[in-house]
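Here is what each chain is made of, one letter per residue.
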Amino acid sequence: MTGKQTAEEPKHKKDLTRRKVVVVGAGAVAAVGVGGGLALTASADESATDASPSASSTAETCYTLTSETTEGPYYIDADKIRQDITEDQDGIPLTLTLKVIDAETCKPVKNAAVDIWHCTALGVYSGYEAMGSGGGGGAPTDAPSGTPTGTPTDAPSGTPTGEPPSGAPSGGTGGGHSEPTDDERYLRGTWKTDKRGYVTFKTVFPGWYQGRCVHIHVKVHVDGTWTDAGYEGGHTCHTGQLFFDEKSVLASAKVAPYSTNTTTRTTLDEDTIYPDNGHEGGLLYLKYDKKHIAKGVRAHLTMGVAPDETHDSTDTQPSASASS
């Protein structure tokens, strides 16, 4: 994988001039070809949170660009080409469906490679277990998790190598990514978008660690080639994060193993990475049984990207060209 991060990480992420996230209606989940196969258990009276769409519509109007946010120090450019990233992790089942579109034309971006990664219910990132909660010895501040190892294999191109924002977790290198401490790769994976731009992952509801609200990291890679070995070449056109509303997080906190997480939790409003602009800032649409969230959560969002641009990490301006 190619592509390097050169821009320094801003300390705060409430810059609303950044690229913005866009969302669609409930059709985002229903329209996914594999959605039925990956759908999680849900009761007949399953109800949506306040973040859920109010109507089902496949019509796509105008979209804005998805906000670029920090990649963080614990991204691993690994070879886990898979939709189910759960492995043996305990937690509330989560089905995440994303749709990737060209924000200028509104056309779906097909065959893109989408990476997601997030912490466990107790705030630990795979590959960094020795560093404890948040991958930073239990003392992360503003910085999200997830930085590249600098040793790409078969995953999408565009591995960033630059600096996380100031206030990075103490377990990091202080000025870039943190090298993995182990070979674990749970709650990490890459899959390709279909002809309609959809990709679906099966995982668990993320937990939290000191200094960050509940979130999932995401990258979109384009112009590469899918081979038997994975995804090769291309460039990263989006690096961002996905967020969960407070009602869902509070509901999850009552369920084991989240209920055993004693780390002080940062709320969505307190988080310094969340752009604070609702769904346009990465806030997921969620649907679950409010009385029985343990049965599972379905989340979805449409992301508008600029395929010709390169956004390896938290740059505020796109690269001059989108080279592989």
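Refer to the preceding data block for the structure.
Rules used in this analysis
- Residues numbered from 1 in each chain as written.
- Predicted model: local features only at pLDDT ≥ 70, side-chain atom pairs only at ≥ 80, totals over all residues.
- Heavy atoms only, no water.
- Buried < 20%, exposed > 50% of the residue type's maximum accessible area, 1.4 Å probe, protein only.
- Helix = DSSP H or I, 4+ residues; strand = E, 2+ residues; numbered from the N terminus.
- Pairing = 2+ DSSP bridges.
- 1 Å grid on protein atoms, 1.4 Å probe; cavity = no way out; pocket = protein on both sides within 12 Å on 5 of 7 lines; lining within 4 Å.
- Points joined across faces, edges and corners; volume = space filled by probe spheres on them.
- Nonpolar A, V, L, I, M, F, W, Y, C, P; charged D, E, K, R; others polar.
- Polar contact = N/O pair within 3.5 Å; in protein donor to acceptor, adjacent residues only side chain to side chain.
- Contact = heavy atoms within 4.5 Å.

## Digging into the pairing of strand β7 (residues 230-243)
Taking burial as the measure, the 14 residues of β7 include 12 buried ones, the bulk of the element. Sheet topology places strand β6 (residues 215-227) next to β7; 12 bridges connect them, and they run antiparallel. In the sheet register, K219 faces β7, and the bridge partner there is T239. Counting the residues that bridge the hairpin from β6 to β7 gives two residues.

## Details of empty space enclosed by the protein
Considering all chains together, one arrives at one cavity of 30 Å³ or more under this definition. For the largest cavity, the lining is made up of 13 residues, of which I76, A78, R188, G189 and T190 are closest to its centre. If you list the elements that add at least two residues to the lining of the largest cavity, you get β3 (113-117) and β4 (188-192). Considered class by class, the residues forming the lining of the largest cavity number six nonpolar, two polar and five charged.

## What to know about the side chain of T239
The residue T239 is located in strand β7 in this model. Within the structure, the side chain of T239 is placed 2.9 Å from the backbone oxygen of H311, a separation counted as a polar contact. Discounting residues that sit within four places of it in the chain, T239 has contacts with S67, E68, T69, E71, V218, K219, H311, D312 and S313.

## Here's the deal with unusual backbone geometry
Between A256 and the following residue, P257, the backbone shows a cis peptide bond with an omega angle of 5°. By the secondary structure assignment, P257 is in the loop between α3 (246-252) and β8 (285-288). Positive phi outside glycine occurs at N111, with the angle close to 60°. Topologically, N111 is positioned in the loop between β2 (93-102) and β3. Residue classification places N111 among the partly exposed positions, given a relative accessible area of 39%. Phi angles above zero are rare outside glycine, and D223 is one such case at about 65°. Within the secondary structure, D223 is located in strand β6.

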